[in-house]
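# Examining the three-dimensional arrangement
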Amino acid sequence: MMPNDPTASGPGAGTVADGFSRTDERTPVNGQTLDFTYNDGPSQQPFETDQSEGYGSGIDSHLPNPSHPMLQQTHEGEFRADHGDHPPIGITKANKLFAFCAALNSCNLGYDIGVNTDAAMKLQNSMDLSDTELEIFMGSLNLFAMIGALCAHAISDRFGRRGAFIVAAVGFIFGVMLQALSPSYGTLMFGRVFVGLGVGFGLAVDPIYIAEISPAAHRGQLVTWSEIATNIGIVLGFMSGLIFYNVEEDLAWRVMFAMGAILPAIMIYLAKYVMPESPRWLVSKGRENEAKDVLRRVYPSGYDVDVIVEEIKESMEREIAAEHAVGWDMILFPTPAFRRMLLVGIGTAIGQQVVGIDAIQYFLVFILDESGIKSRVAQSFILIFLGLIKLGMIFVAGYLFDTKGRRPLMFTSLAGMIVALVLTSINFIGDGHSATLGVVAMGLYLSFFSLGMGPGAWLIPSEVFSTSIRAKAMSVATFMNRVAGTLMTSTFLSTANAMSWSGFFLLLAVVCLVVMLFLYFLLPETKGRALEDMSTYFAEITGDRSILEVEETLARQVAEEEPNPNEERDEIETTPAATIPHEDAHVVGTMA
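Residues numbered from 1 in each chain as written. Predicted model: local features only at pLDDT ≥ 70, side-chain atom pairs only at ≥ 80, totals over all residues. Heavy atoms only, no water.

### Quick word on the overall build of the protein
- If you tally the helices and strands in the protein, you get 21 helices and 4 strands.
- Considering the protein as a whole, with its 592 residues, one finds that 58% of them fall into the buried category.
- In the protein, 80% of the contacts between residues at least 6 apart in sequence involve partners at least 24 apart.
- Total accessible area on the protein is roughly 22,200 Å²; 62% of this is exposed by carbon and sulfur atoms. (Helix = DSSP H or I, 4+ residues; strand = E, 2+ residues; numbered from the N terminus. Buried < 20%, exposed > 50% of the residue type's maximum accessible area, 1.4 Å probe, protein only. Contact = heavy atoms within 4.5 Å. Areas by Shrake-Rupley, 256 points an atom, 1.4 Å probe, with all protein chains shown as cover.)

As C-alpha cells, then:
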C-alpha cells in the first residue's frame, strides 16, 4: 500500500500539515488522533481518495495541496529513509571548531556594547559631549551596521562566507583604531562608520555560516553560539572598565577602545587558515568535491555526504525554478510562502531590538546610576555580574532550542522580560529608588532575553529563509534589526527623561507584549527541520500553489527518469509504514 493510503496506520499515514494556526489542535484523521503538537487547523473536508492522473492515493483534503499527489512530505531532521541506515547525528569536533570560529566574530559587537556601556560617561566627560551627541555616537553604530548588512549578501555570495568574515574584521580594526586616536568628535564619528560596517557584515554572515555547516538536529544549539560569543564580548568590555577604573578618563576610554582590535585580528587568521568555506556556497559555485570534503569533516565518519550534496542541489534547483515561476522580485513582491518567511524572519529580527535590549545595554550604567549606584567600581562589578548571568542563560537556551523548540522559548523569554520591565518601572516611581530591586530587575530582563529573544532572533531568520533568498533576506533582516536598534539607542536618554524612567520601561513592557502576539500568530515551529525543506514547508503552511506546482513538476520528472517505475512502485506499496525509522515518525507535513 502507498504510504499515504487511508488504510495505513503508521506514523507517516494520513498525517496533517504541521503549520501554525491560532486554532491549532490535534485533528482526527482516518479515525485516529495523530500525536502532533501543531497542525494546520481543523479539517474542512473529509479524508478522501484522489485517483486523478493515475495516482490513486488517499488525500487529506484539508491540506493546502490535495491536487499534488506526487509530492512527498517534508521531514524534521536528516533521518529520512533516503539517507540510509544512519545512527543519530552527533556534533563532530570539526563542527564545533568551525562554529566557534564563526561565533568569535560576534565578540566584536559584544565588546563594542560592553566597552561603550562602561566608557560612555568617561567619553562624555572627556570630550564634554551633550546627551544628544552621546546618543548619536551610541546609536550610529546600528545606523552604519545597516549599510554593512545590506552589502554583506553581495560580498558573501561573490567571495564566500570566509571572505565576508575577513572584510568585517578589517573594517572593525580600522574603525576602533580611529576612535581610539580621535582628537575630536568628528573623527570619533568617522571611526564609528567603519566599526558599524564591520558589525553589519558580521551579523549578517555569522548565523548563515553556522547554519550552513551544521546538521539540522544541532543547528539550533550551534547558531546560538553567535549570541554566546556576543555576550562573552560584552563581559570582556565590562571587564575592561574594571581594569582601567583608576586610570584618567581621557586615556582610559581610548585604551579600552583600542583593545577592540585584538579579536578581529584573530578572526582574520581563523578565516584564512582554519575555517572551511560553506558547503552550500561551494555547491552553488559548482565546487561539489570541495563541498563533500567539508561535509565529511562536519558529519560523523562514514556518513553518506553525497546524499546531502544532492539535497542541496535539488533544493537550489527547486528554488530557482520557483523563482522563475513567480518572477525575480521574490522579496519585494513575494508569493504567500515567501511572504510568510519574510514576515517571520525579518519580524523576529526587528522584535529583538524594539524590546529595548541594545538601548538598555548601552545605557546600563545610567540605569544603575539612576537606581542610586554611583560608585564606578560598584558599577563595574555589577556590570560584570549581569553580563555573566546573561551569558549563562544562553547556554541553557542553546540546549532548549533543539529539545523544546523555538516557539516555547520565545514566549517564555518575552513573558519574563515583561515582568522584569514592569518591576523596573515600579522601581522608578517616585524618589525612593531601590538599588537592589533595580539590579534584580535588570538581571531578570537580561536573563530572559538570553533565553529566547537573544539567540532566537538570529536562529530563526538563519533557518526560515530558503536558499534562493537566504543571503539577501538575511541582509534585510539584519538591516531592519539595526534600524530598530538605532531608533531605540538614539532616543533612549531623551525619551526616558521626557516621559519619566518609569513610563519608559512600562512602554517597553507593552512592546514586548505586542512582539509576543506577533510571534504567536505567525511563527511556525522549525525545530530540527533541514534547510532544504523550508520552501516546501512554508508552501505547505500557506498553500502556496506556485511553489507546490514546481515541486510537483520536479517530482514527476524524477519519476519519469526512473528505469523501472512499476517495480519501484510495487516495492513502495509493500513497505509497511511501521518500518519507517523512529526519527521519521516526526514527519510533520504530508504533501499527499
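### Examining empty space enclosed by the protein
- Counted according to the given criterion, the structure contains 6 cavities of 30 Å³ or more.
- In this structure, the largest cavity encloses a volume near 170 Å³.
- Among the secondary structure elements, those contributing two or more residues to the lining of the largest cavity are helix H2 (106-127), helix H4 (185-213), helix H5 (219-243), helix H11 (336-354), helix H12 (357-362) and helix H16 (435-464).
- Split by residue class, the lining of the largest cavity holds 8 nonpolar, 6 polar and 5 charged. (1 Å grid on protein atoms, 1.4 Å probe; cavity = no way out; pocket = protein on both sides within 12 Å on 5 of 7 lines; lining within 4 Å. Points joined across faces, edges and corners; volume = space filled by probe spheres on them. Nonpolar A, V, L, I, M, F, W, Y, C, P; charged D, E, K, R; others polar.)

### Some remarks on the packing of helix H1 (residues 93-104) against helix H7 (residues 262-273)
- Packing of H1 against H7 brings their axes to within 9 Å, and their N-to-C directions diverge by 140°. The angle between the axes of H1 and H7 places the two elements in the oblique class. You can see that H1 and H7 cross each other, and the crossing is left-handed. From H1, Cys101, Ala102 and Leu104 reach across to H7, where they touch Leu263, Ile266, Met267 and Leu270. (Axes fitted to C-alpha atoms, helices over the stretch in contact; angles between N-to-C directions. Parallel < 35°, antiparallel > 145°, perpendicular 65-115°, else oblique. Left-handed = near helix turned anticlockwise from the far one by under 90°.)

### A few points about the nonpolar core
- Within the largest apolar cluster, 151 residues are counted, with the highest numbers of intra-cluster contacts made by Ile360, Tyr445, Phe465, Phe492 and Phe505.
- Looking at which element gives the most residues to this core, the answer is helix H3 (residues 131-181), with 14 residues.
- Setting aside residues up to four positions removed in sequence, Ile360 forms contacts with Ile367, Leu421, Met442, Tyr445, Phe492, Phe505 and Leu508. (Core = buried A, V, L, I, M, F, W, Y, C linked by side-chain atoms within 4.5 Å.)

### Examining the packing of H2 against helix H6 (residues 249-258)
- Two numbers describe how H2 lies on H6: the axes approach to 9 Å, and their chain directions differ by 155°. With respect to their mutual orientation, H2 and H6 come out roughly antiparallel. Handedness of the H2/H6 crossing: left-handed. Taken together, the residues of H6 that come into contact with H2 (itself represented by Tyr111, Val115, Asn116, Asp118, Ala119, Lys122, Leu123, Asn125, Ser126 and Met127) are Glu249, Asp250, Ala252, Trp253, Arg254, Met256 and Phe257.
- Tallied by class, residues from the contact of H2 with H6 come to 9 nonpolar, 3 polar and 5 charged.

### Some points on the packing of aromatic side chains
- For the coordinates displayed, the defined rule picks out 19 aromatic pairs.
- Measuring from centroid to centroid gives 5.1 Å for Phe492 and Phe504, while their planes differ by 90°, and the two rings are edge-to-face. Linking Phe492 in helix H17 (residues 470-499) with Phe504 in helix H18 (residues 501-522), this pair joins segments that are 12 residues apart in sequence.
- Judged by its relative accessible area of 0%, Phe492 is buried.
- Ring geometry for Phe492 and Phe505: centres 6.5 Å apart, planes at 80°, overall edge-to-face. One end of the pair, Phe492, is in helix H17; the other, Phe505, is in helix H18, and 13 residues separate them in sequence. Accessibility classification places Phe492 together with Phe505 in one group, the buried group. (Phe/Tyr/Trp six-rings, centres within 6.5 Å; stacked < 30°, edge-to-face > 60°.)

### Examining a nonpolar patch on the surface
- On the surface, a cluster of nonpolar side chains totalling about 340 Å² of accessible area is made up of Val422, Ile426, Ile429 and Leu506.
- Inspection of the secondary structure assignment puts Leu506 in helix H18.
- Judged by relative accessible area, Leu506 falls into the partly exposed class, the value being 44%. (Patch = residues over 30% accessible without salt bridge, like charges linked within 9 Å, V, L, I, M, F, W, Y side chains within 5 Å. Salt bridge = Lys/Arg side-chain N within 4 Å of Asp/Glu carboxyl O.)

### Overview of the environment of Ile147
- Within the secondary structure layout, Ile147 lies in helix H3.
- The class of Ile147 is partly exposed, set by a relative accessible area of 45%.
- For the pair Ile147 and Ser475, spaced 328 residues apart in sequence, the C-alpha separation works out to 9.4 Å.

### Observations regarding the confidence of the model for the protein
- For the protein, per-residue confidence averages 77 on the pLDDT scale, and residues scoring 70 or more make up 75% of the total.
- Predicted confidence for residues 1-85 stays below pLDDT 50, and this span has 240 contacts to residues more than four positions away or in other chains.
- For residues 568-592, every residue scores under 50 in pLDDT, and the model assigns this stretch 65 contacts once sequence neighbours within four places are set aside. (pLDDT = per-residue confidence, 0-100.)

### Description of the side chain of Ser140
- Within the secondary structure layout, Ser140 lies in helix H3.
- In this structure Ser140 touches Met189 and Arg192, once residues within four positions along its chain are discounted.

### Thoughts on the pattern of salt bridges
- Here the structure, examined in full by the defined rule, presents 12 salt bridges.
- Arg192 is the partner of Asp112 in a salt bridge, and the nearest nitrogen-oxygen pair spans 2.9 Å. Here Asp112, found in helix H2, pairs with Arg192, found in helix H4; they are 80 residues apart in sequence, far enough to count as distant.
- Two residues, Lys313 and Glu310, come together in a salt bridge whose shortest N-O distance is 3.5 Å. Here Glu310 and Lys313 lie together in helix H10 (residues 305-326), a separation of 3 residues that amounts to about one turn.

### Considering the environment of Ser184
- You can see Ser184 is positioned in the loop between H3 and H4.
- Polar contacts involving the side chain of Ser184 include one to the side chain of Thr187, which spans 3.2 Å. (Polar contact = N/O pair within 3.5 Å; in protein donor to acceptor, adjacent residues only side chain to side chain.)

### Details of the side chain of Asn105
- Looking at where Asn105 falls in the secondary structure, it is placed in the loop between H1 and H2.
- Exposure remark for Asn105: the relative accessible area of 4% places this residue in the buried category.
- Among residues more than four places away in sequence, those in contact with Asn105 are Phe165, Ala168, Gly202, Asp206 and Met267.

### Side note on unusual backbone geometry
- Phi at Asp128 is positive, roughly 55°, even though this residue is not glycine.
- The topology assignment puts Asp128 in the loop between H2 and H3.

### A word on helix H9 (residues 288-298)
- Those residues of H9 not exposed but buried are Ala291, Lys292, Val294, Leu295 and Val298. Down the axis of H9, the buried side of the element spans an arc of 165°, and every buried residue falls inside it. (Arc of directions from axis to C-beta.)

### Things to note about the environment of Met442
- Here Met442 is to be found in helix H16.
- Met442 gets classed as buried once you look at its relative accessible area, which sits at 0%.
- Expressed as a C-alpha distance, the spacing of Met442 and Met417, which sit 25 residues apart in the sequence, is 9.3 Å.
- Filtering out sequence-adjacent residues up to four positions away, Met442 remains in contact with Ile360, Leu364, Ile367, Leu386, Thr424 and Phe505.

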